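Inside the fold
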Amino acid sequence: MSQSFWWVKQGSLEKVLKSTFCSNSFSGDGFAFMACPFCACHVYLKGMWASGLVPVEQSSGIPWRCCPHELTAQRIQDFSLSHDKDSHSSDGDENKERGNWSSKADYLLSMVGYAVGLGNVWRFPYLTYQNGGGAFLIPYSLMLALAGLPLFFMECSLGQFASLGPISIWRVLPLFQGVGFTMVVISAFVTVYYNVIIAYALYYLFASFQKVLPWSECFSWADEFCSKTRIVNDCNTTLDGEIIHANYTFVTSNNLTCINGTINYKPVQFPSEQYWNKVALQRSSGLDETGNIVWYLALCLLLSWMIVAAALFKGIKSSGKVVYFTALFPYVILLILLVRGATLEGSMDGIQYYIGRQSNFTKLMEAEVWKDAATQIFYSLSVAWGGLVALSSYNRFHNNCYLDAILVCVINCVTSVFAGFAVFSILGHMAFVSERPVSEVVNSGFNLAFVAYPEALSKLPVSPLWSFLFFFMLLLLGLDSQFATIETLTTTIQDFYPKVMKKLRIPVTIGVCLLLFLLGLVCVTQAGIYWVNLIDHFCAGWGILFSAVLEIVGIVYIYGGNRFIEDIEMMIGKKSRLFWLWWRMCWFFVTPVLLGAILIWSLATFSRPFYGSVPYPTWGTAVGWCMIIFCVIWIPIVAIVKIVKAEGTLYERIVNCCRPAANWGPYLERHRGERYSHMVDPKKEKEHEIPTVFGLIYTH
């Protein structure tokens with residue numbers, strides 16, 4: 001009897017045709033027991049998994065005995081290398097109840113799209129300049145290795161191991177399930193304002209379809225302070241042998257000349273800056289003045305939510321295909337902008353300003369530089385938001401999450417550096433044309449994306465084309481990050497109500513998007529930009545840091561770091577102690593200490609938030625603190641609920657809540673082995689859950 005049989009040998013996938021073979025296999029504790037069809041014998045083969053792919057440690061020269069019938073490896077015929085399947089998965093590895101990514105590429109591109117976002121384009125280049133230029137790459141790389149990558153790998157491994165979202169994953173440690181709620185609530189807050197930024201990009205995208213860009217000159221909407229060049233206000237001059245101080249109108253009307261070094265300039269604004277504030281935002285004087293809803297921004301916001309809902313209506317099966325375009329095309333546009341920018345006059349001034357001769361290595365002695373590097377790595381990789389757990393939960397069990405984590409982190413950081421060259425080459429040209437130093441045209445955040453860069457684009461030949469490409473790139477960078485964040489929310493519902501999501505995924509997805517659209521309307525009023533900045537300042541700051549510290553402390557010190565490593569080895573295979581040395585050092589000491597220090601430092605140095613030069617009112621700051629309290633309050637609430645529902649004395653209840661739930665472990669029975677052989681099947685019996693962020697109660 002002959003039959004095709006898949007196996008893995010030395011990292012490659014090979015298709016083997018055996019004339020006689022062992023079948024009816026089942027796994028246990030990392031080994032495989034093969035039942036021979038010709039006798040009742042079961043043979044114990046070390047280092048093999050019988051479900052799906054079978055990693056075989058023996059070489060072809062060593063007899064492969066599956067029973068006393070002396071079947072050897074020499075009888076295996078028709079060796080042929082096959083690329084039909086990935087070496088980390090097979091049909092037998094598929095989670096048909098919950099769903100898996102259609103391919104490895106879908107997952108990787110979704111992860112890259114989630115991690116690589118708007119911050120890579122507008123925040124990293126500014127921080128690099130501000131903190132010593134090229135010297136900043138040293139603390140940036142160290143923080144990637146010490147804080148970013150360890151947390152990234154941990155979250156990817158957690159999600160893949162149990163095939164659960166950011167809330168249900170805390171069956172691993174029920175006392176800390178509130179951390180999952182905090183992650184989901186923060187993600188919900190962030191999706192509200194993040195899509196508003198996408199709406200800004202859409203507005204500028206549509207505004208680019210004009211022969212002359214509307215922010216290229218000071219048109220009818222501008223005031224007297226709008227100018228591309230500096231305007232003299234007053235100066236000292238000589239009149240009838242005496243030095244007098246006069247305004248510039250008097251000086252020019254009397255054909256006089258200003259004395260060098262005495263000239264005072266008016267505080268002028270670029271046309272792009274006034275267009276951003278007066279036309280695009282219709283910005284009010286502050287948070288106190290809400291004003292009206294800006295109708296065209298509201299329409300752009302609605303369109304952005306329609307795009308998100310359309311991409312996610314089939315869950316990861318549809319979003320996994322969309323990211324082929326949204327994750328890859330921004331790199332094409334960045335390359336085009338870099339090539340074009342490098343050919344412009346003054347571009348080298350911008351590059352040198354970014355990472356060249358002005359690199360200041362003495363900056364490495366300042367603690368603020370290291371703090372900026374850590375926070376940038378932390379936020380750009382999107383750890384502790386719940387999205388990494390959610391996306392990884394759709395992986396097949398034997399996927400190599402270790403290599404995935406390293407690959408995505410490296411791509412993210414390289415993208416940041418690459419984007420910096422594209423941005424600063426054009427800003428250097430802008431400084432050259434306006435006869436200003438580069439330092440006067442460089443701004444962080446919104447000013448870089450919607451003021452400085454549009455101004456630079458307006459000076460290029462065929463400026464509408466370059467403007468369209470830039471804002472199309474911003475749109476794509478924002479969308480693929482948004483896809484993953486919304487998937488975090490829908491995955492949470494999926495874990496609590498799998499049957500509902502299976503039947504009503506489209507209505508539920510549309511309902512979530514509609515709700516978040518309505519919540520976002522406050523961000524497209526005339527005071528909307530102040531709300532966007534407020535949510536970003538509070539929710540995307542301390543809440544995430546707090547969640548990350550609790551996450552790593554809970555997994556490593558309560559659940560057990562070594563136990564967690566054994567879980568990972570069930571997925572990626574046994575590794576040496578040397579392999580785990582770095583990860584143990586980071587997980588057990590370096591990363592929690594580093595994140596704790598950043599959190600304490602951030603709280604100790606808190607100051608009243610500003611948008612530009614506009615201070616927030618006291619009540620605005622209070623609203624910010626209320627938002628962050630609402631995010632983190634779930635942590636003690638859930639802990640108290642879990643303790644109350646437990647049995648025994650108070651000490652016994654706390655101890656029980658610090659142990660994994662009965663249904664913690666691999667989702668599919670074939671992956672549980674000996675370690676999780678007594679696990680309660682999550683499909684048949686679930687632990688008593690508590691209300692989700694959507695106010696739902698799930699009890700059994």
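Residues numbered from 1 in each chain as written. Predicted model: local features only at pLDDT ≥ 70, side-chain atom pairs only at ≥ 80, totals over all residues. Heavy atoms only, no water.

Within the protein one finds 23 helices and 11 strands. Out of the 700 residues belonging to the protein, those deemed buried represent 57%. Expressed as a percentage of contacts within the protein between residues at least 6 apart in sequence, the contacts between residues at least 24 apart total 76%. Surface accessibility of the protein: about 29100 Å² in total, with carbon and sulfur atoms responsible for 62%. (Helix = DSSP H or I, 4+ residues; strand = E, 2+ residues; numbered from the N terminus. Buried < 20%, exposed > 50% of the residue type's maximum accessible area, 1.4 Å probe, protein only. Contact = heavy atoms within 4.5 Å. Areas by Shrake-Rupley, 256 points an atom, 1.4 Å probe, with all protein chains shown as cover.)

The next thing to look at is the packing of helix 12 (residues 367-380) against helix 20 (residues 577-604). One can describe the packing of helix 12 onto helix 20 by two numbers: an axis separation of 11 Å at closest approach and a directional angle of 110°. Compared by their axis directions, helix 12 and helix 20 come out roughly perpendicular. When the axes of helix 12 and helix 20 are compared, the crossing they make is left-handed. Touching Ala367, Glu368, Lys371, Ala374, Thr375 and Phe378 of helix 12 are Leu595, Ile598, Trp601 and Ser602, all from helix 20. Split into classes, the residues belonging to the contact of helix 12 with helix 20 amount to six nonpolar, two polar and two charged. (Axes fitted to C-alpha atoms, helices over the stretch in contact; angles between N-to-C directions. Parallel < 35°, antiparallel > 145°, perpendicular 65-115°, else oblique. Left-handed = near helix turned anticlockwise from the far one by under 90°. Nonpolar A, V, L, I, M, F, W, Y, C, P; charged D, E, K, R; others polar.)

Turning our eyes to something else, we now look at the packing of aromatic side chains. By the definition in use, this model includes 57 aromatic pairs. Taken together, a centroid distance of 6.3 Å and an interplanar angle of 80° make the contact between Trp215 and Phe471 edge-to-face. Taken together, the residues Trp215 in the loop between helix 5 (177-207) and strand 7 (232-239) and Phe471 in helix 16 (residues 463-496) connect sequence positions 256 residues apart. Each member of the pair, Trp215 together with Phe471, is buried. (Phe/Tyr/Trp six-rings, centres within 6.5 Å; stacked < 30°, edge-to-face > 60°.)

On to a nonpolar patch on the surface, then. A surface patch of nonpolar side chains, amounting to about 750 Å² of accessible area, comprises Phe206, Phe209, Trp295, Leu299, Leu302, Leu303 and Met306. Sorting elements by how many residues they give to the nonpolar patch places helix 8 (residues 295-312) first, with five residues. If you trace the backbone, Leu299 turns up in helix 8. (Patch = residues over 30% accessible without salt bridge, like charges linked within 9 Å, V, L, I, M, F, W, Y side chains within 5 Å. Salt bridge = Lys/Arg side-chain N within 4 Å of Asp/Glu carboxyl O.)

With that settled, the discussion passes to the state of the cysteines. Scanning all chains against the criterion turns up two disulfides. The partner cysteine of Cys218 in its disulfide is Cys226, sulfur to sulfur 1.9 Å. Every disulfide takes its handedness from the sign of the S-S torsion; for Cys218 and Cys226 that torsion is -85°, giving left-handed. With a relative accessible area of 33%, Cys218 lands in the partly exposed category. (Disulfide = S-S within 2.5 Å.)

On to the sheet that holds strand 7, then. The three strands lie next to each other as 8-7-9, forming an open sheet whose pairing is antiparallel. Every other strand in the sheet has two partners, leaving strand 8 (242-247) and strand 9 (264-265) as the edge strands with one partner each. Of the strand pairs in this sheet, strand 7 and strand 8 are connected by six bridges, and their pairing is antiparallel. Directly across from Leu239, in strand 8, lies its bridge partner Glu242. (Pairing = 2+ DSSP bridges.)

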